[in-house]
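Observations on chain architecture
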Amino acid sequence: MLDKAASVLECFRPDGGAFRLTEIAARTGLAKTTAFRLCADLVRLGLLERDGDCYRLGGKLFELGSLVPRRLGLREAALPFLQDLFEATHETVHLGVREGHDVVYIERIHGHRTLSLPSRIGGRLPLTCTGVGKALLAFSGPELADEVLAGPLVRLTPYSVTDPARLRTVVEQIQVSGLAYEEQEAALDVSCIASPVFDGPTAVAALSVAVPRGRFHPAQLAPAVRTAALGLSRVLRSGGGTVGGTSL
């Protein structure tokens, strides 16, 4: 039953939107009566909320998720640098970590002029379509790069790179410069520059600045992005981002 309950919660990915019971049953492959019973239990536990005929993720999940030690420590260590980066650019700033072949965003700061972006805190996107993802891909070891490039490459927009040879060249360029660029590959009319964050030989995170394509000036943004990433890496390596006495 635990597996079935987990499948109910998982079906709300990727956007967390509300679903009717019939939709949940169809998405999970569960019988409607089983789905109804599980949803009722999850509502009672605060893991789901019911709004009329629809169910949505409950507040208890947010409370638990915000307490995950590794991400909590990283986010708290990163916030001063993300805030500095935002003040230096006044553009949307992201912090992300890798999970499998995806980047998961754990922080986002934006100003009054919000961009139409597919990224959101707790959301995930393919490594190959985002600046943060490319930075993580380039500095997570050659085995990961080979594995990702051997599989089908996701296309989110007409500008997404789906040619393995071209993407390998991009990864090699990131490894040399320490900067990853993304131009309209995750969302139209949006460009991004990112840099990896280290606490050891491989990247533990990456941070980025996303801007409207018309305001994308890499030469102006690169120093601020690189400075923030280096500063956060220095703090993590010195033990400033520890959780329970264990370094991130």
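Residue indices begin from 1 for each chain and proceed along its sequence in written order. Only residues with pLDDT of at least 70 are given local features in this predicted model, and only at 80 or more are side-chain atom pairs given and counted; all residues enter the totals for whole chains, interfaces and linings. The side-chain values count all of the structure's non-hydrogen atoms but skip hydrogen atoms and water molecules.

Looking at an unreviewed UniProt entry, one finds the chain named IclR family transcriptional regulator and attributed to Streptomyces anulatus.

On to the pairing of strand E2 (residues 48-51). We call two strands paired when DSSP finds no fewer than two bridges between them. Secondary structure elements are taken from DSSP: a helix is a run of H or I of four residues or more, a strand is a run of E of two residues or more, and numbering for both begins at the N terminus. Pairing of E2 with strand E3 (residues 54-57), which is carried by 4 bridges, proceeds in the antiparallel orientation. Its bridge partner being in E3, aspartate 51 is matched across the sheet by cysteine 54. In sequence, E2 turns back onto E3 through a hairpin of 2 residues, with glycine 52 there showing a positive phi of about 65 degrees.

Another aspect to go through is the sheet that holds strand E7 (residues 180-183). Across the sheet, which stays open at both edges, the 6 strands sit in the order E6-E5-E4-E9-E8-E7 with antiparallel pairing between neighbours. Here the strands that pair on one side only, and so sit at the sheet edges, are strand E6 (124-126) and E7. Direction aside, the axes of adjacent strands within the sheet are offset by 30 degrees on average. With 5 bridges connecting them, strand E4 (residues 92-99) and strand E9 (residues 203-212) associate as antiparallel partners. In this analysis an axis means a line fitted to C-alpha atoms, helices contributing only their contacting stretch, and an angle means the value between N-to-C directions, from 0 to 180 degrees.

Before going further, it helps to spend a moment on the packing of helix H2 (residues 21-28) against helix H3 (residues 32-44). Between H2 and H3, the least distance of the axes is 9 Å, while the angle of their chain directions is 110 degrees. Put simply, H2 runs roughly perpendicular to H3. Crossing handedness for the pair H2 and H3: right-handed. Listed contacts from H3 to Leu21, Thr22, Ile24 and Ala25 of H2 are Lys32, Ala35, Phe36 and Cys39. Broken down by class, the residue content of the contact of H2 with H3 amounts to 6 nonpolar, 1 polar and 1 charged. Between 65 and 115 degrees an angle is taken as roughly perpendicular, under 35 as roughly parallel, over 145 as roughly antiparallel, and anywhere else as oblique. Handedness of a crossing follows from how the near helix is turned relative to the far one, being left-handed for an anticlockwise turn of less than a right angle and right-handed for a clockwise one. Two residues qualify as a contact provided that any one of their heavy atoms is within 4.5 Å of a heavy atom in the partner residue. All amino acids are sorted into three groups, where Ala, Val, Leu, Ile, Met, Phe, Trp, Tyr, Cys and Pro are nonpolar, Asp, Glu, Lys and Arg are charged, and the leftover types, Gly among them, are polar.

It is worth spelling out the sheet that holds E2 at this point. Judged by pairing direction, the sheet is antiparallel, and its 3 strands sit side by side in the order E1-E3-E2 without closing on themselves. Two strands close off the open sheet at either side, each with one partner strand: strand E1 (19-20) and E2.

A few words now on helix H9 (residues 218-237). Here H9 spans 27 Å end to end across 20 residues, near enough to the 28 Å set by a 1.5 Å rise per residue. Taken from the residues just after H9, glycine 239 is the one with a positive phi, measuring 90 degrees. For a helix, the expected span equals 1.5 Å multiplied by the number of residues minus one.

Packing of helix H6 (residues 131-138) against helix H8 (residues 164-177) brings their axes to within 9 Å, and their N-to-C directions diverge by 80 degrees. The orientation of H6 with respect to H8, classified from their angle, is roughly perpendicular. Here Lys134, Ala135, Leu137 and Ala138 of H6 lie close against H8, whose contacting residues are Val170, Val171, Ile174 and Gln175. Classifying every residue of the contact of H6 with H8 by side-chain character gives 6 nonpolar, 1 polar and 1 charged.

Generally, phi is negative for residues other than glycine and the peptide bonds are trans, each holding for most cases. One non-glycine residue with positive phi stands out, namely histidine 90, at about 55 degrees. Secondary-structure assignment places histidine 90 in the loop between helix H5 (69-89) and E4. Summary of the burial criterion: residues with accessible area below 20% of their type's maximum are buried, those above 50% are exposed, and those between are partly exposed, where the area comes from a 1.4 Å probe applied to protein chains only. On the basis of relative accessibility, which here comes to 49%, the residue histidine 90 falls in the partly exposed class. Its identity as a non-glycine residue notwithstanding, aspartate 189 has a phi of 65 degrees, on the positive side. On the secondary structure map, aspartate 189 appears in the loop between E7 and strand E8 (190-198).

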